Amino acid sequence: MNDAVQHREGVEIADGVHWVGALDPDLRTFDICLHTDHGTTYNSYTVRGRDGVAVIDTVKASHADEFFARLESVADYDEIRAIVLDHLEPDHSGALPELMRRAPQARLYLSPRALGLLNAVLKPADGDPPPSVETVDTGDSLSLGDRTLRFLHTPFLHWPDTQCTYLAEDGVLFSGDIFGSHYCDGRLFDDRVGAFDPEFDDYYRQIMRPFRRPLIAALELMEPLDLTVIAPTHGPVLRDRPRRYLARYRQLAERPRIGADSDGAGPSLVILYASAYGATARMAEAIAAGASDQAGVRVTHHDLSDNEPAALVDLIDGADGLVIGSPTFNGDAVKPVWDLLSSLNTLELAGKIGAAFGSYGWSGEAVRLIEERLRALKLRVPVAGVRVKLVPCDTELVACRAFGHRLAEALTGTTDTGRVIELEELG
Ligand SMILES: Cc1cc2nc3c(=O)[nH]c(=O)nc-3n(C[C@H](O)[C@H](O)[C@H](O)COP(=O)(O)O)c2cc1C
């Protein structure tokens with residue numbers, strides 16, 4: 001571990017720029033459902049200029065003591081003239097109310113969207129003076145005398161109020177959660193810590209992936225910058241060829257579709273199903289065959305019991321259409337289907353099409369419930385789901401084939417997707 005880190009002191013990451021964050025090496029579950037083998041860090045930074053000090057982001061409330069000890073090692077509270085919050089998530093704003101008490105003269109610099117969240121973070125009592133706040137946007141800057149902090153508006157990465165802050169004279173980009181990793185190593189810098197590429201990519205998948213388009217817009221703001229250091233709010237400080245991290249994010253965000261032709265053409269349809277007695281599985285095969293009849297559509301089908309949901313999430317990310325099959329058990333879709341459906345909120349699904357099918361015995365709720373969830377996930381459900389009572393007969397399999405074909409047509413845009421076929425009546 002870096003000596004200064006061990007002694008709760010700030011660590012210089014560029015001339016007059018210090019890391020004053022906190023380590024959380026024992027954390028194994030972040031935000032309720034993210035597993036981390038290597039804990040995490042909450043990174044906060046200070047920038048010293050001729051006219052004062054700026055603090056950029058704070059830490060989780062539980063780690064405030066460590067943050068204040070490091071902050072006091074590099075600055076006096078009365079030197080702090082600016083506090084920049086690049087987003088207001090509690091792991092970065094937890095120590096903000098106490099910092100504002102200790103440095104009451106400091107002005108807050110936030111994105112306009114953060115303003116609507118600020119009172120909920122500060123919870124001011126009646127009669128408290130309003131905080132001194134300035135909202136900033138792309139093109140705005142804050143001068144510390146000989147040093148300039150420029151702001152980049154990068155909303156939704158991953159909170160609506162996200163911005164990044166760029167120290168122009170030194171090429172330091174304070175990137176908030178963008179380029180973060182849940183990886184705690186007291187050696188702090190990317191060229192000193194252990195291999196964290198898997199955690200870097202995993203952070204993208206878990207946190208940034210739903211926001212592909214805002215991310216590409218943010219990369220466009222960042223790519224022209226001169227960069228010597230990227231200072232994210234979690235994990236290692238990135239100073240070894242920092243531009244490669246931008247390139248990796250671009251590569252991840254622009255990943256080619258899994259089912260596409262080598263030249264990128266042709267939409268893909270993924271059919272995923274569970275089946276105890278083979279009825280829903282037979283429907284899946286007929287739907288796949290019907291969809292494959294449509295020229296140019298790539299179709300795959302997979303039994304959920306053979307795959308972990310996490311492995312299927314990448315597949316769905318690369319597909320244009322998602323068809324889910326479940327028998328009805330106890331008035332519901334089955335657990336592997338819900339496990340999968342609950343894993344999909346880390347994807348950008350708007351624009352994909354969705355559909356449902358399944359066998360049932362008497363009440364058959366599963367198809368409707370899956371369709372409702374697909375719509376809630378912002379998929380378009382252009383063709384009504386198909387249900388079959390117990391084992392599908394030949395006529396019903398023909399209908400399943402037609403259903404698959406209609407979905408493929410909806411994908412290729414060769415049909416009026418507003419119309420639905422009422423195959424449920426076959427049940
Ligand atoms: C434990 C269990 C519970 C079931 N509950 C329902 C139910 O609530 N409503 C219904 O319509 N069918 C119910 N069924 C019937 C199944 O949906 C039906 O057998 C279906 O064909 C199974 O499809 P599969 O062969 O794809 O597994 C149930 C079956 C089992 C084994």
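For clarity, every value in this text was computed on a predicted model and none was experimentally measured.

Looking only at helices and strands, the protein chain features 13 helices and 21 strands. Considered along the principal axes of its C-alpha atoms, the protein chain spans approximately 80 × 50 × 40 Å. Out of the 427 residues in the protein chain, the part that is buried amounts to 56%. As displayed, the protein chain has an accessible area near 18000 Å², and 49% of this comes from carbon and sulfur atoms. A distance of 3 Å separates the average location of the 42 positive side-chain charges in the protein chain from that of its 65 negative side-chain charges.

Neighbouring the ligand are 18 residues; Ser-275, Ala-276, Thr-328, Ser-359 and Ser-363 lie closest to it. Contact between the ligand and Ser-275: an oxygen atom at 2.7 Å from a side-chain N or O atom of the residue. Here Thr-328 contributes a backbone N or O atom positioned 2.6 Å from an oxygen atom of the ligand. Expressed as a share of its isolated accessible area of 640 Å², the protein-covered part of the ligand is 83%. Elements supplying a minimum of two residues to the shell around the ligand: helix H9 (279-292) and strand S20 (353-360). When the residues that make up the shell around the ligand are grouped by side-chain class, the tally is 8 nonpolar, 10 polar and no charged.

For soluble globular proteins, nonpolar side chains are generally found buried alongside one another. The biggest cluster of nonpolar side chains holds 61 residues, and the ones touching the most others in it are Ile-80, Phe-179, Met-222 and Tyr-249. Residue contacts for Phe-179: discarding those within four places in its chain leaves Leu-173, Phe-200, Leu-219, Met-222, Ile-230, Pro-232, Leu-238, Tyr-245, Leu-246 and Tyr-249. Judged by nonpolar contacts, the second largest core, of 29 residues, contains Val-17, Phe-151, Leu-167 and Val-229.

Right, let's get into the packing of aromatic side chains. In this structure the tally under the stated criterion is 10 aromatic pairs. Between Tyr-183 and Phe-196 the ring centres are 5.9 Å apart and the planes differ by 45°, which places this aromatic pair in the tilted class. A residue pair is termed long-range when its members are at least 10 positions apart, and Tyr-183 in the loop between strand S15 (172-176) and helix H6 (197-208) and Phe-196 in the loop between S15 and H6 qualify at 13 residues. For Tyr-183, a relative accessible area of 6% corresponds to the buried category. Judged by relative accessible area, which is 4%, Phe-196 ranks as buried. One aromatic cluster is present, built from ring pairs that chain together Phe-179, Tyr-183, Phe-196, Phe-200, Tyr-204, Tyr-245 and Tyr-249. Geometry around Phe-68 places Arg-102 over its ring, the cationic atom sitting 3.9 Å from the centre.

Tracing the backbone through its elements, the reader meets Val-337 in helix H11 (residues 335-341). In this structure the C-alpha to C-alpha distance between Val-337 and Ile-370, which are 33 residues apart in sequence, comes to 8.5 Å. In this view, Val-337 contacts Ala-274, Leu-304, Ile-324, Gly-325, Ser-326 and Ile-370; residues no more than four positions away in its chain are not counted.

One pass over the full model with this rule turns up 0 disulfides. Cys-393 carries a free sulfur, and the closest cysteine sulfur to it, the one in Cys-400, is 9.3 Å from it. Owing to a relative accessible area of 35%, Cys-393 belongs among the partly exposed residues under this scheme.

Let's shift gears to the sheet that holds strand S13 (residues 148-153). Strand order in the open sheet made by the 5 strands is S12-S13-S14-S15-S16, with mixed pairing throughout. Each of the sheet's edge strands pairs with one partner strand only, and the pair in question is strand S12 (141-143) and strand S16 (229-232). Across the sheet, the mean angle from the axis of one strand to that of its neighbour is 20°, orientation sign disregarded. Where S13 meets strand S14 (residues 163-167), 5 bridges bridge the pair, whose relative direction is antiparallel. For His-153, the partnering residue across the bridge sits in S14 and is Gln-163.

Right, let's talk about the packing of H6 against helix H8 (residues 243-253) for a bit. H8 packs onto H6 with a crossing angle of 50° between their chain directions and a minimal axis gap of 11 Å. Classified by the interaxial angle, the pair formed by H6 and H8 is oblique. Relative to H8, the crossing made by H6 is right-handed. In this structure, H6 uses Phe-200, Asp-201, Tyr-203, Tyr-204 and Met-208 to contact H8, whose residues at the interface are Tyr-245, Arg-248, Tyr-249, Leu-252 and Ala-253. Considered class by class, the residues forming the contact of H6 with H8 number 8 nonpolar, no polar and 2 charged.

About the cut-offs
Residues numbered from 1 in each chain as written. Predicted model: local features only at pLDDT ≥ 70, side-chain atom pairs only at ≥ 80, totals over all residues. Heavy atoms only, no water. Helix = DSSP H or I, 4+ residues; strand = E, 2+ residues; numbered from the N terminus. Buried < 20%, exposed > 50% of the residue type's maximum accessible area, 1.4 Å probe, protein only. Areas by Shrake-Rupley, 256 points an atom, 1.4 Å probe, with all protein chains shown as cover. Lys, Arg positive; Asp, Glu negative; His and termini not counted. Charge placed at Lys NZ, Arg CZ, Asp CG, Glu CD. Near = heavy atom within 4 Å. Polar contact = N/O pair within 3.5 Å; in protein donor to acceptor, adjacent residues only side chain to side chain. Nonpolar A, V, L, I, M, F, W, Y, C, P; charged D, E, K, R; others polar. Core = buried A, V, L, I, M, F, W, Y, C linked by side-chain atoms within 4.5 Å. Contact = heavy atoms within 4.5 Å. Phe/Tyr/Trp six-rings, centres within 6.5 Å; stacked < 30°, edge-to-face > 60°. Lys NZ or Arg CZ within 6 Å of the ring centre and 35° of its normal. Disulfide = S-S within 2.5 Å. Pairing = 2+ DSSP bridges. Axes fitted to C-alpha atoms, helices over the stretch in contact; angles between N-to-C directions. Parallel < 35°, antiparallel > 145°, perpendicular 65-115°, else oblique. Left-handed = near helix turned anticlockwise from the far one by under 90°.

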